[in-house]
Amino acid sequence: MYFKLKIWRQKSPEDKGGFQFYELDDVSPDMSFLEMIDVLNESLEIKGVEPVHFDHDCREGICGTCSMFINGRPHGPQRGVTTCQLHMRSFNDGDTITIEPWRARSFPVIKDLVVDRSAFDRIIQAGGFVSVSTGGVPDANEIPISTNIANEAMDAASCIGCGACVAACKNASAMLFVAAKISQLALLPQGKIEAASRAENMVVQMDSEGFGTCTNTEACVAECPKEIGLVHIARMNREYFFAKQSSENISLR
Amino acid sequence: MNLDAKIPEGPLVEKWTRHKFNIKLVNPANKRKYDIIVIGTGLAGASAAASLAELGYNIKSFCFQDSPRRAHSIAAQGGINASKNYQNDGDSDYRLFYDTIKGGDYRSREANVYRLAEVSSSIIDQCVAQGVPFAREYGGLLDNRSFGGAQVSRTFYARGQTGQQLLLGAYSAISRQIANSKVQIFPRTEMLDLVLVDGQARGVVVRDLVTGKIESHSSHAVILSTGGYGNVFYLSTNAMASNATAAWRAHKRGALFANPCFTQIHPTCIPVSGEHQSKLTLMSESLRNDGRIWVPKKGIRGLTAKDALRIPEEERDYFLERRYPAFGNLVPRDVASRNAKMVCDEGRGVGATGLAVFLDFADTIQRDGRDVIEQKYGNLFDMYKQITADDPYNVPMMIYPAVHYTMGGLWVDYNLMTNIHGLYALGECNFSDHGANRLGASALMQGLADGYFVIPYTIGDYLANMPYRKISVDHEAFQLAEKHVKDRIENLLNINGNRTVDDFHKELGKIMWDYCGMSRNEEGLKHAKQEVIKLRDEFWKDLKVIGTHEELNMSLEKANRVADFFELGELMIDDALQRSESCGGHFREESQTEEGEALRIDDEFSFVAAWKFTGKDQPEELIKEELIFENVKLTQRSYK
Ligand SMILES: Cc1cc2nc3c(=O)[nH]c(=O)nc-3n(C[C@H](O)[C@H](O)[C@H](O)COP(=O)(O)OP(=O)(O)OC[C@H]3O[C@@H](n4cnc5c(N)ncnc54)[C@H](O)[C@@H]3O)c2cc1C
Ligand code: SF4
Ligand code: FES
């Protein structure tokens, strides 16, 4: 297969950046998208040109590291898959493919397609945990959980923290990511005790990181590679309003 | 040099309890006077950092990924073992211990393995308390599945994403301590050297991968939890950036490297599709619970998965069920892998390359219904379809063995301390618990056991004798190490040759796979050693790395890692040569039973091979730790 590639190159955070054009021939349809970029990079390096920098690690769709905005969509054209799981058979011979980094104020570009997503870590640090220390916990089977609840919590917990939801949203809102964690822990008995303060603290952090507000366009759910559902945003809103009404979260009052 | 594993006295089942009582404690108020560096945020590193911070120590935690949540542990699929005996099927600490020792082909320490089994139940309790959404039965209690090498159901799982959920649990614990300012986190930062002062590990030199800045960090103890070295083979199921650099640099500072040749080849991976292949994808071993492995009785070239449906039952060879009626498709990994290779070598392999066997779910789908299979393996089936374009609900999967895990690693004693005082190694980067072969679902167990339940106790014993005084990073030892690191980076950038890092890495991987992979012999190993040395020389003469070191430079990162793979690869070959017996994942063709099974030679090889670095281009020195078995009787493993 033959492709024209239009790729965002940016030397450093300060650099203005711009698109560069490349051509690539002899691409096998069985290659993954990232393997295609590997081939491009090999050829660039041989020519003495700096390879295109991009984030990736597991190449199995689970670590959430890969993050390419392909033809105007985070993780490319296919629903429910990450960039690393995308295969060239999803494209047509001769296509022009445009590749950009995630674009959001809270995810500054480091180089080429690599962005800084540490804002997500700081949101989790604000409350995305159950406050138990190692040891001294009850036997696992002393906390029975119905399969429905366990399954729904698991759906939420499947979020890989990739940031596609932010990249997809015109407001660069992080609602889906934040909702996934709040919802997972609010569903489970282990997380209930801190549910109110968690929702408030995580939302405060989300806002202070500069993520936009949610205006219910649902672009995030359409592009999330793990198909995290809208129901989690609804649950998060419930938790948040409940927290605001109740007097539980004394720390923020 | 005499190796003391510091195994406590007393009967097996009491050793850990006694040891915990006998070791020194650090007074709670004094813990905050000690700084500990933890390299790695996988299951082992994140659990250790969080637990030690909870106790009051000051932790600095490092990883090369952009977030601690992305460590390679995230990719583990199948599950985690624990001897809870929730299924009432006869499990116990002793049985888990026994299965692990036997599964490891009697090349691990009894005391370590028993402790692992003993703390396994607490791990599950801990993870559930954190909110890890394990699979449950309708009554709301935890569900289990079976895994290779065991006849009880003791594996806990969260769909096909167990590693992800356990890691996110540990990540939440470490996040809480970051918020508490007890853990300082350094993502996108790579350790490139270990610093010793008066023979004690007192810090590290790291590179900020974004700015390229080389910096030193000082501490009272250093913990490595940096994962395995399977990527020596280029193609493996490990994440792309997994590497051996931290462990290898520690080795070159004096830490012994144990059993480097013990690598695990996993039987159920998606076969290689072409030259462009950058990594291999594992299909969880749990699939062997319900899938049946077969090839046609007579070889058929280029048999596709669709064609398979037309092959009648009597022309199929379910070779594992045939050869091992007791364990069938659930034999340990090394046995399953070798058998797959054997039938392919006989010309009975399937698929375009002939290097694949079928893993067939038709019978189970018929028996249990598609829903049940979807519930258990949905995401794995989707992933398979995504990669191969075949739908495993309708046609059998094709699988082939691939490098997956490294049992070898830094030598540690019972306290998980290496032979360097104050340097600890946890998780996959140590050698401790899996002998010559690891059972499925035991790596997650070991990583979390080390981090949550072993190191928090054993490190106190060391620190209790340490003065509080901190060492400044202006100390000469730090300055020298920094210079060493900088010089090496300069060297890599200055070669200015013609070949890319990946090009070299691929070639190294091929040599290792061909001669030091699933089956090994003396002649091949000797040949491989020469090849590796030759290629390494060429690497240092003809490598091309573009860009500078004062910026994000992923080719430079990779070159730095591959340079270490070359040295480690050579040591793996030396170790494989030295061990002329077969055991577990190490199959020496010269040492097999009449039926072609691995033949151990216990009188000669019941030892841990710990290698000591003696200087550049010098042969490493082999130091043996004899393995003493007081509780299990060594038998030839049989899964018939
Ligand atoms: C595809 C796959 C599936 C698996 N499935 C299972 C399973 O079902 N059950 C099971 O028990 N086991 C499984 N395993 C094995 C298991 O996942 C690993 O052995 C285990 O997760 C290793 O954990 P770890 O904490 O030791 O290291 P890792 O998770 O590999 O973490 C290493 C950490 O060290 C850091 N690091 C490394 N070097 C440096 C350096 N120089 N400087 C700074 N940081 C560094 C990395 O950034 C990372 O944070 C699987 C493995 C694979 C590949
Ligand atoms: S919610 Fe979906 S898109 Fe957003 S970070 Fe999680 S997995 Fe990625
Ligand atoms: S590289 Fe891990 S999700 Fe894509």
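For the structure itself, consult the block above.
None of these values were measured; they are calculated from a predicted model.

What counts, and at which threshold
- Residues numbered from 1 in each chain as written.
- Chains lettered and ligands numbered in written order.
- Predicted model: local features only at pLDDT ≥ 70, side-chain atom pairs only at ≥ 80, totals over all residues.
- Heavy atoms only, no water.
- Contact = heavy atoms within 4.5 Å.
- Buried area = accessible area lost by both parts, 1.4 Å probe.
- Salt bridge = Lys/Arg side-chain N within 4 Å of Asp/Glu carboxyl O.
- Polar contact = N/O pair within 3.5 Å; in protein donor to acceptor, adjacent residues only side chain to side chain.
- Helix = DSSP H or I, 4+ residues; strand = E, 2+ residues; numbered from the N terminus.
- Nonpolar A, V, L, I, M, F, W, Y, C, P; charged D, E, K, R; others polar.
- Near = heavy atom within 4 Å.
- Phe/Tyr/Trp six-rings, centres within 6.5 Å; stacked < 30°, edge-to-face > 60°.
- Buried < 20%, exposed > 50% of the residue type's maximum accessible area, 1.4 Å probe, protein only.
- Lys NZ or Arg CZ within 6 Å of the ring centre and 35° of its normal.

A separate point is the interface of chain B and chain A. Residue-level contacts link 77 residues of chain B with 74 residues of chain A. When the two sides are added together, the surface that chain B and chain A hide from each other amounts to roughly 6100 Å², 51% of it contributed by carbon and sulfur. At the boundary of chain B with chain A, the tally comes to seven salt bridges. Of the charged contacts in the structure, one is a salt bridge between D155(A) and R159(B), with a shortest N-O distance of 3.0 Å. Applying the counting criterion to the chain B and chain A interface returns 48 residue pairs in polar contact (both at pLDDT 80 or more). Of all the elements in the fold, those that place two or more residues in the side of chain B that touches chain A are α3 (43–55), α5 (110–130), α6 (162–179), α12 (370–388), α13 (443–463), α15 (501–516) and α17 (554–578) of chain B. When its residues are assigned to classes, the side of chain B that touches chain A shows 32 nonpolar, 29 polar and 16 charged.

Right, let's talk about the site of ligand 2 for a bit. C159(A), C162(A), G163(A), C165(A) and C224(A) are the nearest of the 13 residues found near ligand 2. Classifying every residue of the shell around ligand 2 by side-chain character gives 11 nonpolar, two polar and no charged.

Time to look at the packing of aromatic side chains. How two aromatic rings sit relative to each other is given by the distance of their centres and the angle of their planes. Inspection of the entire model under this criterion finds 32 aromatic pairs over all chains. Aromatic pair Y94(B) and Y114(B): ring centres 6.5 Å apart, planes at 50°, arrangement tilted. Of this pair, Y94(B) sits in helix α4 (residues 93–103) while Y114(B) is found in helix α5, placing the two residues 20 residues apart along the sequence. Judged by its relative accessible area of 36%, Y94(B) is partly exposed. Arranged with centres 6.3 Å apart and planes meeting at 10°, the rings of Y377(B) and F381(B) form a pair that is stacked. Pair noted here: Y377(B) and F381(B) are both in helix α12, with a separation of four residues, about one helical turn. Classification of F381(B) by relative accessible area gives buried; the value is 1%. Members of the aromatic cluster, each reached through a chain of ring pairs, are F107(A), F120(A), F177(A) and F211(A). The side chain of R292(B) reaches across the aromatic face of Y318(B), ending 3.8 Å from its centre. Over the ring of F504(B) we find R499(B); its NZ or CZ atom is 4.2 Å from the centre of that ring.

On to the pattern of salt bridges. With the rule as written, the count across this model stands at 74 salt bridges over all chains. E551(B) is the salt-bridge partner of K11(A), the closest N and O atoms lying 2.9 Å from each other. One end of the pair, K11(A), is in the loop between β1 (3–9) and β2 (18–24); the other, E551(B), is in the loop between α16 (522–542) and α17, on a second chain. What makes K11(A) partly exposed here is its relative accessible area of 44%.

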